[in-house]
Every structure is written in structure tokens, then in C-alpha cells.
Amino acid sequence: MKSKIYIIILLFAFCGVAKSQLTMHKFINVGYVYQNQSFGEVGGKLLFLSNDDVLFRVGASALMGSANNKFAIMPKVNADFLLNFQKNVDFYHAHYFILGAEATNKYVAPKVGFSLFGILDLTGGYGFSLDKDGLNGKELKGLNVNFTINIPLVVIK
């Protein structure tokens, strides 16, 4: 519940600061998440931008994996800022630094990382457990690593 409140506050704060027209792009994302257990990830993201220096992404996905030899699916929401303040870059900001957070019903994890073209992401952080019982009896806390590929829907059409 707390994670949903934080995400809503973050969205309202971002919308309140935005002064110009935002452009939105839709993505499908697939990836790998390690949070004291390995998970596959499938979901969608929305990318908001007014210029190429600071981008904002929100997403929702499903984490699928095995915990204590039982298959489990966990919902996940995330919000990221992609930052690149270089001017006169030849190839339209080839890389971004990522600051963000992700939350499930079992853990919350702030994260930092690197993105190539906003499509290939590698992030890491620390997951804080929300539920001592965990997933199938395994508490999800500690090192958090994400590798994600974001596929723009424009490419699929």
C-alpha cells in the first residue's frame, strides 16, 4: 500500500513540474530480475519527455520465477528518471543514467543504472522486504539487479 502511495506522489510531483507539452511513447519490456531469486519479467512502460535531457518512465510488469521450488508470479510497478545533460551529442543521447525505484507486493527497491538509447537497461540497487513471509516462504531482500530490453511499439507495427 505504501509503495502505491509513493508512486502516485511521484507522478503528481512530476506532472506539477512539467511546464511544456510532453510526448509519450509506449514500450513492451522483457528482462531478467535478480532479487534474492531469479525472475523473468514481461510488461509495458510509458516514456514521457519534453526534451532529450530528462526522460520519465513508468511501467507495470509481471515477475515470473520459482521460489522454494514453486512457480510464482508477482506484480511489479516501477518509475525511472533517465538523465543525460550532454549538449551537441552526435547520436541523439546514446546513453542515459537511470535513477528510479520498483515495488512489488513483497519488496521495494531503489535503483541506479545505465541505459543505452533508452532501450537496453542495466540497473542495480537494494531491495527492502515488505513481507517477512516472502514469496513461497523465501524473503525477498538484498541485492537487486535488473537487465531489461524495452521494445518501442512503433517498431512492432
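Computed from a predicted structure; not experimentally measured.

A. Local environment of the sheet that holds strand β8 (residues 142-152). In space, the eight strands of this closed barrel follow the order β1-β2-β3-β4-β5-β6-β7-β8, with antiparallel pairing throughout. Between one strand and the next, the sheet's axes are offset by a mean angle of 25 degrees, whatever the strand orientation. Where strand β7 (residues 120-129) lies against β8, eight bridges are found, and the strand directions are antiparallel. Its bridge partner being in β8, T123 is matched across the sheet by N146.

B. Examining the packing of aromatic side chains more closely. One pass over the structure, following the stated rule, counts four aromatic pairs. Their ring planes at 45 degrees and their centres at 5.0 Å tell us that F56 and F81 sit as a pair that is tilted. Placement of F56 in strand β3 (residues 54-67) and of F81 in strand β4 (residues 70-83) is noted, with a sequence separation of 25 residues between them. One aromatic cluster in this structure is built from F48, F56 and F81.

C. Structural view of the environment of Y34. Counting through the fold element by element, Y34 comes out in strand β1 (residues 23-35). C-alpha of Y34 to C-alpha of L143: the two residues are 109 residues apart in sequence and 7.6 Å apart in space. In this structure Y34 touches L143, N144 and V145, once residues within four positions along its chain are discounted.

D. Layout of the pairing of β8. Looking at chain direction, β1 and β8 are connected through nine bridges and run antiparallel. Across the sheet, Y32 pairs through a bridge with F147, a residue of β8.

Rules of the game
- Residues numbered from 1 in each chain as written.
- Predicted model: local features only at pLDDT ≥ 70, side-chain atom pairs only at ≥ 80, totals over all residues.
- Heavy atoms only, no water.
- Pairing = 2+ DSSP bridges.
- Helix = DSSP H or I, 4+ residues; strand = E, 2+ residues; numbered from the N terminus.
- Axes fitted to C-alpha atoms, helices over the stretch in contact; angles between N-to-C directions.
- Phe/Tyr/Trp six-rings, centres within 6.5 Å; stacked < 30°, edge-to-face > 60°.
- Contact = heavy atoms within 4.5 Å.

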